[in-house]
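Observations on chain architecture
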Amino acid sequence: MGKKLYIETLGCAMNVRDSEHIIAELKTKESYDLTEDINEADLILINTCSVREKPVHKLFSEIGHFNKIKKKDAKIGVCGCTASHLGEEIIKRAPYVSFVLGARNVSKITEVLHKEKAVEIDIDYDESTYAFSDFRSSPYKAYINISIGCDKQCTFCIVPSTRGEEISIPSELIINEARRAAQSGAKEIFLLGQNVNNYGRRFSSGDEKINFTELLRRVSQIEGIERIRFTSPHPLHMDDEFLEEFASNPKICKSMHMPLQSGSTEILRRMKRGYTKEWFLNRAFKLREMVPDVHISTDIIVGFPGENDKDFEDTLDVVKKVKFEQIFSFKYSPRPLTPAKDYEDQVPQEIASERLSLLQEMHKEMLDDIAKKQKGKVFNVYFEELKPGGYVAGRSDNNFIIKVKGSEELLGEFRDVKITKPGRLSLEGEVIA
Ligand code: SAH
Ligand code: F3S
């Protein structure tokens, strides 16, 4: 019997990819097999997120629970951003944890595994050219990192302190990885980084001259790749060249994440986002004009220190004008190691909660409207997942989740689907070709 690995992944797409790397290394170098049954695991890992306070709170109750139900000799390891941030403190508070592995030290997983109470959290560690073993959780799409770390210093965000400075991964490595993924059958590539359209500003060695737009062009030339997605771009770096490539390259999916954070220019300044309300609107309108069926998603924080009613009105105003197809909205959460936690004018919880529900209610109505408009439309869907009740689900190029009655034979296939039942979270339709 081989050893079994149970892994739980929280947080962003970068964590999903980090977990795939961890699984790959443990499978090929330590002969672990994945299990979904924690009771039979020899190694239990939790890949954490520290962007907001809630998941950090939950970490200790969760690993405490793991410790109660685990097999006698099973090890528990804590990975990811909370590992980077809390380091040794995790082992102090939870002495049954065997090792702590930071978000920028993933390649050291097989080392820490054999060192009892190891803490590897060096945020200057350079993994940008490390050749990870291959593992993908989906045969249909491949996540590929294009950079590590983040050079922005958004004043609310802990990520620069947990993932370190931004380094781009050499384009040759990215292209080779995308080729390998395409050869193994993945038709969709998902390029990942905290700030993807800043790609090419700094490599750890060499002097490659390439930006994100050029990288997109090169990836799109790889045979077998039909769709390219990426996250997250930064609104500040959405120059015309980038928007034109996005609009004109048929392999780039017409879905853009534009993290707004706030619609108020004053709050954006305090967040150090580098753009104004007007710049954001200008980019979003230009995008809608260039790509009429584009799907725009966003992240919004309400209750950032100093946010008054007028600032919040500005946020609602941008939401009304851009009519985002998807909004990830959060109450501001003061984070250690960030400047904003010390700002004096923190917004009371009740006000932040009230604003969050106002924003979410307003967006729900918009979503009903957006959904209704999709009835009768035809989308090309790439099917990826079986769903209960005899459904198969996938995404349209512009990121609507679409399900149809069907079975395995649709998986990994493209079909034209006509929408019959639009819903807020997913659209239902019939395959017509
Ligand atoms: N580089 C990514 C951001 C990663 S964090 C990007 O630009 O999209 C993901 C999201 O979490 C952010 O966009 C922000 O909306 C939210 N977030 C980050 N720090 C936060 C905080 N302290 N409180 C509330 N939300 C936060
Ligand atoms: Fe965080 Fe801003 Fe970077 S939100 S991840 S510091 S772009």
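For the structure itself, consult the block above.
Values in this document were obtained by computation on a predicted structure and should not be read as measured data.

**Looking at the environment of F212**
- Following the sequence through the fold, F212 ends up in helix 8 (residues 212–220).
- Exposure remark for F212: the relative accessible area of 1% places this residue in the buried category.
- Those residues in contact with F212, other than ones at most four positions away along the chain, are I146, L191, V196, N197, Y199, F230 and F242.

**Focus on the site of ligand 1**
- Lining the immediate surroundings of ligand 1 are 14 residues, of which F156, Q194, Q261, D299 and S333 lie closest.
- A distance of 2.9 Å separates a nitrogen atom of ligand 1 from a polar backbone atom of F156.
- Those elements giving two or more residues to the shell around ligand 1 turn out to be strand 13 (295–302) and strand 14 (326–331).
- Split into classes, the residues belonging to the shell around ligand 1 amount to six nonpolar, four polar and four charged.

**Here's the deal with the environment of S353**
- For S353, the position within the fold is in helix 13 (residues 349–372).
- Spatially, the C-alpha atoms of S353 and F156 are 18 Å apart, while their sequence positions differ by 197 residues.
- Side chain to side chain, S353 and K331 meet in a polar contact 3.0 Å long.

**Some points on the packing of aromatic side chains**
- Tallying each qualifying case throughout the model produces 15 aromatic pairs.
- For the ring pair F212 and F242, a centre distance of 5.8 Å and an interplane angle of 45° mean the geometry is tilted. Of this pair, F212 sits in helix 8 while F242 sits in helix 9 (residues 240–248); the two residues are 30 residues apart in sequence, bridging distant segments of the chain.
- An aromatic cluster of at least three residues, connected via ring pairs, comprises F156, F304, Y332 and Y343.
- One residue, K108, lies across the ring of Y125, its end atom 3.9 Å from the ring centre.
- One Lys or Arg, R283, reaches over the ring of W279 and ends 4.5 Å from the middle of that ring.

Thresholds applied
Residues numbered from 1 in each chain as written. Chains lettered and ligands numbered in written order. Predicted model: local features only at pLDDT ≥ 70, side-chain atom pairs only at ≥ 80, totals over all residues. Heavy atoms only, no water. Helix = DSSP H or I, 4+ residues; strand = E, 2+ residues; numbered from the N terminus. Buried < 20%, exposed > 50% of the residue type's maximum accessible area, 1.4 Å probe, protein only. Contact = heavy atoms within 4.5 Å. Near = heavy atom within 4 Å. Polar contact = N/O pair within 3.5 Å; in protein donor to acceptor, adjacent residues only side chain to side chain. Nonpolar A, V, L, I, M, F, W, Y, C, P; charged D, E, K, R; others polar. Phe/Tyr/Trp six-rings, centres within 6.5 Å; stacked < 30°, edge-to-face > 60°. Lys NZ or Arg CZ within 6 Å of the ring centre and 35° of its normal.

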